[in-house]
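Residue-level structural notes
Here's the letter readout for the chains.
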Amino acid sequence: MELNIISFKIKQFANNNGSKIITFGELNKYSDINLADKINPIGWANIYSNLSFSVTDRLHSTIFSLKKSIPFLVIDRKSKYSGENKGEIIDLLTDLELLKGHHLF
């Protein structure tokens, strides 16, 4: 499934559940609020205290979600990995027995 379709489906889900999508890493055309160029690294790290759910493809976002006990979904590209390399996020979530929060497309 293409990332654009996944983003659209997440937007539909958010709309149906009265939620807003906030972008603070990379701009996503489906976000309701774009903070990507408006917050510094400290603000970026602290924003997790205000989230109810996190969707990410980044290791640090996964770690901050875990630290703040925020439910999360990691969406990762299969093409990012080659051979035996499964990536840092998969390694982390496997060690924590939380791999159910990780999906490859």
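Check the entry above for the structure.
First things first, this report covers the structure right here in the doc. (Residues numbered from 1 in each chain as written. Predicted model: local features only at pLDDT ≥ 70, side-chain atom pairs only at ≥ 80, totals over all residues. Heavy atoms only, no water.)

Brief notes about the nonpolar core
Rule in force here: Nonpolar core, defined: a set of buried Ala, Val, Leu, Ile, Met, Phe, Trp, Tyr and Cys residues in which side-chain atoms within 4.5 Å join the residues together. Categorising residues by exposure relies on relative accessible area from a 1.4 Å probe, with only protein chains included: less than 20% of the type maximum marks a residue as buried, more than 50% marks it as exposed, and the intermediate range marks it as partly exposed. Two residues form a contact once any of their heavy atoms are found within 4.5 Å.
Ranked by size, the top nonpolar core spans seven residues in total: F24, W44, A45, I47, Y48, L51 and I70. Sequence-distant contacts of L51, that is, excluding residues within four places in its chain, are made with F24 and I70. Counting five residues, the second-largest nonpolar core is a separate cluster that includes L59, F72, V74 and L93.

With respect to the pattern of salt bridges
The condition that has to hold: A pair is scored as a salt bridge if a Lys or Arg side-chain nitrogen falls within 4 Å of a carboxyl oxygen belonging to Asp or Glu. Where helices and strands are cited, they refer to DSSP runs of H or I of at least four residues and of E of at least two residues respectively, numbered from the N terminus.
Tallying each qualifying case throughout the model produces four salt bridges. In this structure, the salt-bridge partner of E26 is R58, at a minimum N-O distance of 2.1 Å. Residue E26 is located in the loop between β1 (22-23) and β2 (33-34), and its partner R58 is located in the loop between β3 (54-56) and α3 (59-67); the two are separated by 32 residues in the primary sequence. The partner of K38 in a salt bridge is D37, and the shortest N-O contact between them spans 3.2 Å. Comparing K38 with D37, the two get one shared label, exposed. Salt bridges here are not isolated pairs; linked through shared partners, they connect E26, D57 and R58.

Some remarks on the packing of aromatic side chains
For clarity, the cut-off: Aromatic contacts are taken between Phe, Tyr and Trp rings whose centres are within 6.5 Å, Trp giving its six-membered ring; a plane angle under 30 degrees counts as stacked, one over 60 as edge-to-face, and the others as tilted.
Summed over all chains, the structure comprises six aromatic pairs. Ring centres of W44 and Y48 lie 5.5 Å apart, and the angle between their planes is 75°; this geometry places the pair in the edge-to-face category. When its relative accessible area of 1% is taken as the criterion, Y48 is described as buried. Three or more aromatic residues link up through ring pairs in this structure, and these residues are F24, W44, Y48 and F64.

As for the environment of I10
Of note, I10 is situated in helix α1 (residues 3-16). Here I10 falls in the partly exposed class, since its relative accessible area comes to 26%. Distance from I10 to S31, taken between C-alpha atoms, is 9.9 Å for residues 21 residues apart in sequence. Among all residues touching I10, those that are not within four sequence positions of it are I21, V55 and I75.

A closer look at the environment of V74
With respect to the helices, strands and loops of the structure, V74 is situated in strand β4 (residues 72-76). On the accessibility criterion, V74 (0% relative accessible area) is buried. Taking C-alpha positions, V74 is 4.9 Å from T56, a pair spaced 18 residues apart along the chain. Once you skip the residues sitting within four places of it in the chain, V74 turns out to touch T56, D57, T62, I89, L93, G101, H102 and H103.

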